[in-house]
Each structure stands twice: as C-alpha cells, then as structure tokens.
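# Structure assessment
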Amino acid sequence: QVQLVESGGGLVQAGGSLRLSCAASGRTFSNYAMGWFRQAPGKEREFVAAITWSGGVTGYADSLKGRSTISRDNAKNTLYLQMNSLKPEDTAVYYCASTKKAYYTPRGTDEYDYWGQGTQVTVSS
C-alpha cells in the first residue's frame, strides 16, 4: 500500500514562501516520477510541477514557473516543493502524487496512480 503524506502548508502573506514536503512509503520511491498538483475551491485539480525518478528533469506549470522549485531526496523518500513570491491566487489544497512513469514529467491527473491527502496553502493579500 502506497502512502503519501504532505506537510508544510499554512497561512502566509503575499510575497512569502513555503516549502511543502511529501513523505512516501510502500513503493520504491526512487523508481518513479512524482508530481505536485493543487485544487482551489470550485476549480479542477491542476498540475503544478513534476520531477523524474532521478530528479534530473523537472517540469512546471506556467502559473508557478520561476517561483517554485520541485526536488526530491530519494534517500529520504521525500518530495519537496519550494514556493516563493506567493500570491493570493496560489491559495489551494496542494497534493503530491506518484506515477508509474519514471523518465518524464507527466502533467495529467490520470497519469498518476497514488495521491496524498493534501495540505492547505492560504496566501493572504
């Protein structure tokens, strides 16, 4: 059974930073690509960033490109998302997800087979 547990969300003022973490278990973490998604109230879940198994290739949504960095520590089975210069429109529940792909950075929700429970990020203006 694969488990993904996000942490690091919270309330931050516009312009601030947060670092989200996702602890993974139940699957050989280093074999698979991972991703971050977010879902705001009344909106569909959307892609934020993804990273290949080795961390060598990353991909970002335009909305957070230049303001966020996805990374992973395979020795610690942990995925990270560093977000800077946060804006009120970044307010959402952020989810990490695991895919059976390894060598590229999937952007569709249907390409991921395991999801965490989410962590709330609220950016005040």
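Note: the structure precedes this text.
Structure report, in brief. These numbers come from a predicted model, not from an experiment.

## Some words on the environment of Thr 69
Within the secondary structure, Thr 69 sits in strand 7 (residues 68–73). Ignoring any residue separated from it by four or fewer positions in sequence, one finds Thr 69 in contact with Tyr 60, Tyr 80, Leu 81 and Gln 82.

## Some points on the sheet that holds strand 3 (residues 18–25)
The strand order 1-3-8-7 describes an open sheet built from four strands, whose pairing is antiparallel. Since the sheet does not close on itself, it has two edges, and those belong to strand 1 (3–7) and strand 7, each with one partner. On average, each strand axis in the sheet is inclined to that of its neighbour by 15 degrees, with strand direction left out of account. Sheet topology places strand 1 next to strand 3; five bridges connect them, and they run antiparallel. Bridge pairing links Leu 4 to Ala 24 in strand 3.

Rules used in this analysis
Residues numbered from 1 in each chain as written. Predicted model: local features only at pLDDT ≥ 70, side-chain atom pairs only at ≥ 80, totals over all residues. Heavy atoms only, no water. Helix = DSSP H or I, 4+ residues; strand = E, 2+ residues; numbered from the N terminus. Contact = heavy atoms within 4.5 Å. Pairing = 2+ DSSP bridges. Axes fitted to C-alpha atoms, helices over the stretch in contact; angles between N-to-C directions.

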